[in-house]
Amino acid sequence: MRGRLIMNGFVDTPKFNRLREFIFGSATKYGIELEYFPTTALAYALGDDFFANGDRPDFILFWDKDVNLCSRLESTGVPVFNSAGAILSCDSKNLTAIALDGVVPTPKTILVPKTFDGVGYTDFSFLDKAIEILGLPLVVKGAYGSFGYNVYLAQTREQAVRILENLGSRDCLLQQFISESFGRDVRINIVGGREVSSMLRHNESDFRSNITNGGKSSPYSPSPEQIDVAVRACEKLGLHFAGVDVLFGKDGPIVCEVNSNPHYVSTYECTGVNVGDFIFEHIVNTVSK
């Protein structure tokens, strides 16, 4: 079986490079001939021009958030994992909140009304209403960002105003702060509708548990309820695989975020489980049907 791995052509860091090595290692275990293409190498291609001399792969593993390129690859008819629609719904925290509303427990969420560069927020009545509904402190999130970036905890209205003003015209949202889960969550890796590995992430000095921001991790066996909400979130978003961040709510698990391109090397270092092996097993089984 032959596949293509697509990753961002501008990101060149040890963390991303190591992830790419892990992906190739898992492909080799399944006898897959995997070819790497950075997104920058495909920017000029149209239709079947993606595949020189008719050299079409059996599948594409799209490990990026360039949904425009992903959509163009999907139009060729080659199976793409994950799909552009699924990646888009995860990449935008606003779209994630909309998709999961009423499907699984999530923090109460209010989408910040859109503004524009040079205009800003001339009326903060929406924030006053949000504080009535969500209480204080509340979480302010930019719609786009990974590793806990653009995620803030506003203790007061004045702090929330400053955060929103600093975010400028970027899409963002306001969320209920789940105090029971301060600095703690569970990363549950789902592949093909089942849990394959999980870890507890915890940070004593920050409400965010992200390892990149100083959080620690330990192996974790999620409850059936935690697995259930993670699986249902992935099903709703149309994901073949994902890393689902689940909070500890006073009444049960709460889905915080869903990652369509999880950096699972940290999970391997914590649990010894290579999520990539399960991803390629799933791809082989899906494409071979």
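Values in this document were obtained by computation on a predicted structure and should not be read as measured data.

Student: How would you explain the overall build of the chain if you had to name every residue and give the values?
Tutor: Looking only at helices and strands, the chain has nine helices and 13 strands in total. The dimensions of the chain, computed from C-alpha atoms along their principal axes, are 60 × 45 × 35 Å. Each of the 289 residues in the chain was classed as buried or not, and the buried ones make up 48%. Taking all contacts inside the chain whose residues are at least 6 apart in sequence as the whole, residues at least 24 apart take part in 65%. In the form shown here, the chain has an accessible surface area of approximately 13,300 Å², with 51% of it arising from carbon and sulfur atoms. Side chains of the chain give 27 positive and 34 negative charges; the mean places of these two sets differ by 2 Å.

Student: Please provide a residue-by-residue account of the pattern of salt bridges, values included.
Tutor: If you walk through the whole model with that rule in mind, you get 13 salt bridges. When the shortest N-O distance is used, the salt bridge between D55 and R2 registers 2.8 Å. With a gap of 53 residues between them, D55 in the loop between strand 2 (33-38) and strand 3 (59-63) and R2 in strand 1 (residues 2-7) connect regions that are remote in the sequence. By relative accessible area, which is 32% here, D55 ends up partly exposed. Taken together, the shared-partner salt bridges connect D185, R187, R201 and D245 into one network.

Student: Describe helix 5 (residues 125-134), listing the residues and the values that go with them.
Tutor: Residues of helix 5 that are buried: F126, L127, A130, I131 and L134. Taken end-on, helix 5 shows its buried residues confined to a sector of 140 degrees, consistent with a single buried face.

Student: Pulling in residues and values, what's your account of the packing of helix 2 (residues 67-74) against helix 3 (residues 84-91)?
Tutor: One way to put it is that helix 2 packs onto helix 3 with a least axis distance of 9 Å and a crossing angle of 165 degrees. Taken together, the axes of helix 2 and helix 3 lie roughly antiparallel to each other. As helix 2 runs across helix 3, the sense of the crossing is left-handed. Here V67, C70, S71 and E74 of helix 2 lie close against helix 3, whose contacting residues are A84, I87 and L88. Grouping the constituent residues of the contact of helix 2 with helix 3 by class yields five nonpolar, one polar and one charged.

Student: Help me get a handle on the sheet that holds strand 4 (residues 80-81), residues and values and all.
Tutor: The four strands lie next to each other as 2-1-3-4, forming an open sheet whose pairing is parallel. A single partner strand is all that each edge strand has here, and the edge strands are strand 2 and strand 4. Bridge count between strand 3 and strand 4: two bridges; the pairing is parallel. Bridge pairing in strand 4 places L61 opposite F81.

Student: Any chance you could break down the sheet that holds strand 7 (residues 151-154) for me, citing the residues and the numbers?
Tutor: By definition, the strands of a sheet pair up through backbone hydrogen bonds, in either a parallel or an antiparallel sense. The antiparallel open sheet is built from four strands, whose spatial order is 5-8-6-7. In the strand order of this sheet, the two ends are held by strand 5 (109-111) and strand 7, each with one partner. Here the strands of the sheet are splayed against their neighbours by 25 degrees on average, with no regard to which way each runs. In this sheet, strand 7 lies alongside strand 6 (residues 138-142) in antiparallel orientation, the contact comprising four bridges. When the sheet's bridge partners are listed, K141 is paired in strand 7 with V151. Contacting strand 5, strand 6 and strand 8 (172-176), helix 5 runs over the sheet at an angle of about 30 degrees to strand 8. Against the sheet, helix 6 (residues 157-167) contacts strand 6, strand 7 and strand 8, and its axis sits at roughly 155 degrees relative to strand 7.

Student: Lay out unusual backbone geometry with the relevant residues and their values.
Tutor: In this chain, F81 is followed by N82 through a cis amide linkage whose omega measures -10 degrees. You can see N82 is positioned in the loop between strand 4 and helix 3. The amide bond that connects L136 to the next residue, P137, takes the cis arrangement and shows omega of -5 degrees. Note on placement: P137 falls in the loop between helix 5 and strand 6.

Student: Could you give an account of the pairing of strand 8, with specific residues and numbers?
Tutor: Counting buried residues in strand 8 gives four out of five residues, a clear majority hidden from the surface. Where strand 5 lies against strand 8, three bridges are found, and the strand directions are antiparallel. Residue L111 lies in a different strand from strand 8, and its bridge partner there is L173.

Student: Hey, could you go over the side chain of T39 for me, with residue numbers and the actual values?
Tutor: With respect to the helices, strands and loops of the structure, T39 is situated in the loop between strand 2 and strand 3. Among the residues examined, T39 registers a relative accessible area of 7% and is labelled buried. Residues in contact with T39, not counting those within four places in the same chain, are I6, M7, N8, G9, D64 and L69.

The rules behind each value
- Residues numbered from 1 in each chain as written.
- Predicted model: local features only at pLDDT ≥ 70, side-chain atom pairs only at ≥ 80, totals over all residues.
- Heavy atoms only, no water.
- Helix = DSSP H or I, 4+ residues; strand = E, 2+ residues; numbered from the N terminus.
- Buried < 20%, exposed > 50% of the residue type's maximum accessible area, 1.4 Å probe, protein only.
- Contact = heavy atoms within 4.5 Å.
- Areas by Shrake-Rupley, 256 points an atom, 1.4 Å probe, with all protein chains shown as cover.
- Lys, Arg positive; Asp, Glu negative; His and termini not counted.
- Charge placed at Lys NZ, Arg CZ, Asp CG, Glu CD.
- Salt bridge = Lys/Arg side-chain N within 4 Å of Asp/Glu carboxyl O.
- Arc of directions from axis to C-beta.
- Axes fitted to C-alpha atoms, helices over the stretch in contact; angles between N-to-C directions.
- Parallel < 35°, antiparallel > 145°, perpendicular 65-115°, else oblique.
- Left-handed = near helix turned anticlockwise from the far one by under 90°.
- Nonpolar A, V, L, I, M, F, W, Y, C, P; charged D, E, K, R; others polar.
- Pairing = 2+ DSSP bridges.

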